[in-house]
Amino acid sequence: MRRRTRVPPAPLPQRRGVDPVRVRLPAEGPWATVREHLVERLSGAAPGAVEEMFAAGRVVAADGRAVPPDAPYRPGMFVWFHRELPPETPVPFPLVVVHRDEHIVVVDKPHFLATTPRGSHVAETALARLRRDLDLPALGAAHRLDRLTVGLVLFTVRPEERGAYQTLFRDRRVRKEYEAVAPYDPDLALPRTVRSRIVKERGVLTAREVAGEPNAVTDVERAEHRPGGPARYRLTPRTGQTHQLRVHMNALGVPILGDPLYPAVTAEGPAGDFRRPLQLLARVLEFTDPITGVEHRFRSGRELRAWSDPTAWSAGR
């Protein structure tokens with residue numbers, strides 16, 4: 001049985017709630033120095049950025065000491081460094097803590113705030129904000145909610161317990177209920193269960209349905225309808241494919257209001273334009289706590305703008 005390599009603790013502190021980047025050097029390669037490998041590995045960085053990090057002593061080994069620019073390549077070696085944080089437009093909406101105990105933190109995430117650092121959203125994410133605001137540097141996400149979706153997200157306080165909570169989601173032992181505002185179609189027979197096979201390819205913005213064994217299942221109900229206006233839908237996913245609810249609602253002919261990807265990809269608005277978010281809300285999280293055995297049921301207190309204030313929504317305010 002192959003022995004798993006022990007990862008040393010990070011020798012660098014977090015920066016604005018963001019962990020340092022950890023790199024393990026591959027077992028084989030043509031590189032003579034650590035610097036040569038990082039220059040190739042970080043080829044998308046600005047010209048000279050890697051050389052500058054080495055010159056400033058910002059690439060460190062497990063003992064916290066700076067790695068010299070001419071340090072010989074050593075297979076399996078770990079190095080850490082902080083990338084320069086990208087400029088980010090602050091998301092001007094509160095991140096509401098719904099529940100906090102010694103094991104978990106449950107928050108009501110606003111629209112436009114990514115759950116975890118990714119791409120151009122790094123320090124301005126729910127995880128980084130919570131680590132700073134709650135002084136919980138070891139906080140981790142048990143699952144993710146799309147950046148454009150509002151509602152409940154579960155975080156774990158202790159790294160050694162994170163796997164137990166992630167397993168709940170992997171094994172579908174968390175009941176999730178969403179709300180969406182979308183067009184009203186009198187000919188759409190509801191409630192119904194939508195089943196399809198959804199694939200999401202790396203580098204492609206949208207997911208798509210293809211022929212084959214279903215891997216995505218959603219229960220769809222119409223909760224309410226206003227004459228001459230949209231409807232409010234209750235969505236209960238039984239699986240967790242990327243963009244599953246958005247894809248299924250679009251396939252039913254009632255794409256969720258404010259969706260920039262379905263039925264067609266639209267240009268992203270300018271930075272700081274927070275007027276017309278995706279009208280999808282993660283309303284309920286229910287699960288049995290794997291550590292304490294407590295039965296949890298959390299409910300978001302947020303409302304979707306297209307339903308609570310349709311005039312303002314229509315005017316883009």
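Let us look at the structure shown here. (Residues numbered from 1 in each chain as written. Predicted model: local features only at pLDDT ≥ 70, side-chain atom pairs only at ≥ 80, totals over all residues. Heavy atoms only, no water.)

Below, the discussion takes up the overall build of the protein. Check the secondary structure of the protein and you find 7 helices and 13 strands. A total of 317 residues make up the protein; the buried ones form 43% of that total. Total accessible area computed for the protein in this model is approximately 17000 Å², and 49% of it derives from carbon and sulfur atoms. Each charge class in the protein can be summarised by its mean position, and for the 49 positive and 38 negative side chains these summaries are 2 Å apart. (Helix = DSSP H or I, 4+ residues; strand = E, 2+ residues; numbered from the N terminus. Buried < 20%, exposed > 50% of the residue type's maximum accessible area, 1.4 Å probe, protein only. Areas by Shrake-Rupley, 256 points an atom, 1.4 Å probe, with all protein chains shown as cover. Lys, Arg positive; Asp, Glu negative; His and termini not counted. Charge placed at Lys NZ, Arg CZ, Asp CG, Glu CD.)

With that settled, the discussion passes to helix H5 (residues 244-251). By the criterion of burial, H5 is predominantly enclosed, with 6 of the 8 residues buried. Inspection of H5 places Gln244, Leu245, Arg246, Val247, His248 and Met249 among the buried residues, and these make up the whole buried set. Elements in contact with the buried residues of H5: strand S7 (175-182), strand S8 (192-199), strand S9 (208-210), strand S10 (216-225), strand S11 (231-237) and strand S12 (280-288). Of the residues flanking the end of H5, it is Gly253, one or two places downstream, whose phi is positive at about 90°. (Contact = heavy atoms within 4.5 Å.)

The complete set of buried residues in helix H4 (residues 162-170) reads Tyr165, Leu168 and Phe169. Angular distribution of buried residues about the axis of H4 spans 95°; they occupy a single face of the element. Buried-residue contacts for H4 involve strand S4 (104-109), strand S6 (150-156), S7 and S12. (Arc of directions from axis to C-beta.)

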